[in-house]
Amino acid sequence: MLDKQPVAFKCDCSKDRFAKALSSVNPAQLQEIIDEDHHAETVCRFCGKKYDFSEAELKQLLEESK
């Protein structure tokens with residue numbers, strides 16, 4: 001063993017990263033989420049943090065993806 005380093009868990013998730021992932025969803029599917037649920041909740045599989053997207057935010061993502 002040459003050296004010791006502390007080990008720590010750190011997740012670098014963010015709402016912006018999840019927004020980018022949502023914007024890559026098929027526009028028809030994103031419209032379906034807007035029409036049926038009026039919002040979306042994403043959950044990071046690593047740290048469990050939840051990110052909520054309002055209907056207005058989803059509509060903005062849909063417009064930007066066109």
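Everything below is about the structure printed above this text.
Residues numbered from 1 in each chain as written. Predicted model: local features only at pLDDT ≥ 70, side-chain atom pairs only at ≥ 80, totals over all residues. Heavy atoms only, no water.

**Q** An account of the pairing of strand β1 (residues 39-43) is needed here, citing residue identities and associated values.
**A** What you see with β1 is a clean split: Ala-40 and Thr-42 sit on the buried side and His-39, Glu-41 and Val-43 on the side with no burial. Relative to strand β2 (residues 50-54), β1 is paired through five bridges, and the arrangement is antiparallel. Directly across from Thr-42, in β2, lies its bridge partner Tyr-51. Linking β1 to β2, which pair antiparallel, is a turn of six residues; within it Gly-48 sits at a positive phi near 85°. (Buried < 20%, exposed > 50% of the residue type's maximum accessible area, 1.4 Å probe, protein only. Helix = DSSP H or I, 4+ residues; strand = E, 2+ residues; numbered from the N terminus. Pairing = 2+ DSSP bridges.)

**Q** Residue-level account of the environment of Asp-12, with values.
**A** Topologically, Asp-12 is positioned in the segment before α1 (15-23). Taking C-alpha positions, Asp-12 is 19 Å from Phe-53, a pair spaced 41 residues apart along the chain. In this structure the side chain of Asp-12 is engaged in a polar contact, spanning 3.0 Å, whose partner is the side chain of Arg-17. (Polar contact = N/O pair within 3.5 Å; in protein donor to acceptor, adjacent residues only side chain to side chain.)

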